[in-house]
Amino acid sequence: MSVSLQDFQRKDLIKKLIESGIKDRRVLDAMNTVKRELFVSPELRRFAYENNALPIGSSQTISQPYTVAFMTEILKVETGDKILEIGTGSGYQAAVLCELGADVYSVERIEQLYKEAGSILKKANYKVSLKCSDGTKGWKDNAPYDGIIVTAGSPGLPEALLKQLGDGGRLVIPVGDRNTQEIWCVTRTKDKNGKEIFTTEKYQYFKFVPLIGEEGWENADGR
Ligand code: SAM
C-alpha cells in the first residue's frame, strides 16, 4: 500500500498531539484515520495537518486539531454511544466521533455549511444524522444522549442540552465571554434517592466562534 504525503503529515500531527498531552489512544487512532484534508477547501489542503484552525467559509472555522483531541478525550466516547454534536462546521469532528464507533447526530445553524458537511461526510463514507437548526435547543427527537459536544463558545449552559443528557451522560462545552472560553464537562447522574445531580469539571481556556441561538449569544458580535 502506498503512503501519501498526507499520511506522513497526519502521523506527525499525532506525534505533536501526544507531546501536547493527549493520552487517549483511541482518540489518537481516530484522528490518525480521518483525512482532515477532505474537510477543507482545495487551496487550504496543504495546511490541513498544521495544528491550527482553518477557515471553512461563512466566517466559521474547522477547529484546531488539538482542540478536537482535547474535547473528544474529555467526552470519553465508547463504541455504540449516541453522541450529539452542536456546530457541525466542516464535519471533521463528527467524522472523528464516527471513527470512535459512536452513533453521531450533529446540528449546524448555517445552511451552506450544513449542506457542504453533508456532502463531504457522505463522500468519505461517514454516516452522520445532520440537521440545520439552532443547536442550543438540542435535538429532542433522538434524546437521551450519552454525550453532547458543543464546538462553539457559549455564554452559559443551555438548559435544553442538560435535559437531553441520559443518566451518566456528559456535556462538553466551552463557556465564557466573547474573547475566551473555558472547557466545562457537566455529568448528569442521580443520587441514592434518585434525585438528579449535575457535576461540573472545568478545564483549560480556548477561543471559539460564538454559539448563536436561543440559549447562546444573540448574534455574531457575541452579545
Ligand atoms: N465541529 C466543527 C468542525 O469539526 O469543523 C467546527 C465548528 S466551528 C468552530 C463552530 C460551528 O458552530 C460553526 O459552524 C457555527 O456555525 C456553528 N454554530 C454556532 N452556533 C450554533 C447553533 N446555535 N447551532 C448549531 N450550530 C451553531
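One can find the structure itself at the top, above this paragraph.
The structure reproduced in this document is the subject of the present report. (Residues numbered from 1 in each chain as written. Predicted model: local features only at pLDDT ≥ 70, side-chain atom pairs only at ≥ 80, totals over all residues. Heavy atoms only, no water.)

**Observations regarding the overall build of the protein**
This is how the line gets drawn: Per the convention used, a helix needs a DSSP run of H or I reaching at least four residues, while a strand needs a run of E reaching at least two, with both numbered from the N terminus. The buried label applies to any residue whose accessible area, calculated with a 1.4 Å probe on protein chains only, is under 20% of its type's maximum; exposed applies above 50%, and partly exposed to all values in between. Contacts: residue pairs with any heavy atoms within 4.5 Å of one another. Only the protein chains shown count as cover for residues, with accessible areas throughout obtained via the Shrake-Rupley method and a probe of 1.4 Å. Charged residues are defined narrowly, with Lys and Arg counted positive, Asp and Glu counted negative, and His plus the chain ends left uncounted. A single reference atom marks each charge: NZ on Lys, CZ on Arg, CG on Asp, CD on Glu.
Counting its secondary structure elements, the protein contains six helices and nine strands. Seen through its principal axes, the protein has C-alpha atoms that stretch 60 × 35 × 30 Å. Counting every position in the protein, which comprises 223 residues, the buried fraction comes to 48%. A sequence separation of at least 24 residues applies to 52% of the contacts in the protein between residues at least 6 apart. For the protein, the exposed area adds up to about 11,100 Å²; of that, 49% sits on carbon and sulfur atoms. Mean positive and mean negative side-chain charge positions of the protein (31 and 31 charges, respectively) differ by 2 Å.

**Structural notes on the pattern of salt bridges**
Selection rule: Note on definitions: salt bridges are taken to be side-chain nitrogens of Lys or Arg within 4 Å of carboxyl oxygens of Asp or Glu.
In this structure the tally under the stated criterion is seven salt bridges. In this structure, Arg-25 engages Asp-29 in a salt bridge whose closest nitrogen and oxygen atoms are separated by 3.2 Å. Within this pair, Arg-25 and its partner Asp-29 are both found in helix H2 (residues 25-33), separated by four residues, close to a single helical turn. Accessibility expressed as a relative area gives 45% for Arg-25, which makes it partly exposed.

**Some thoughts on the sheet that holds strand E4 (residues 103-108)**
Selection criterion: Here, strands pair whenever DSSP counts at least two bridges between them. Throughout, an axis means a line fitted to C-alpha atoms (over the contacting stretch in the case of helices), and angles, computed between N-to-C directions, take values from 0 to 180 degrees.
Reading across from one edge, E5-E4-E3-E6-E7-E8-E9 is the order of the seven strands in this open sheet, with mixed pairing throughout. Edge positions in the sheet fall to strand E5 (128-132) and strand E9 (196-206), since each of these pairs with one other strand and no more. On average, adjacent strands in this sheet sit at an angle of 15 degrees to one another, irrespective of strand direction. Sheet topology places strand E8 (residues 181-190) next to E9; nine bridges connect them, and they run antiparallel. Pairing of Thr-189 across the sheet is with Ile-197, part of E9. Relative to the sheet, helix H3 (residues 65-75) contacts strand E3 (82-86), strand E6 (145-150), strand E7 (165-176), E8 and E9, its axis offset from that of E9 by approximately 160 degrees. Packing of helix H5 (residues 111-123) onto the sheet brings it into contact with E4 and E5, and relative to E5 it is tilted by some 165 degrees.

**What about the side chain of Thr-88?**
Where we set the bar: As used in this structure description, the phrase polar contact means that two N or O atoms lie within 3.5 Å; if the pair is within protein, one of them must be able to donate a hydrogen and the other to accept it, and residues adjacent in sequence are counted only when both atoms belong to side chains.
Looking at where Thr-88 falls in the secondary structure, it is placed in the loop between E3 and helix H4 (92-99). Of the residues examined, Thr-88 reaches a relative accessible area of 4% and is grouped as buried. Reaching out from Thr-88, the side chain makes a polar contact with the side chain of Ser-106 at a distance of 2.7 Å.

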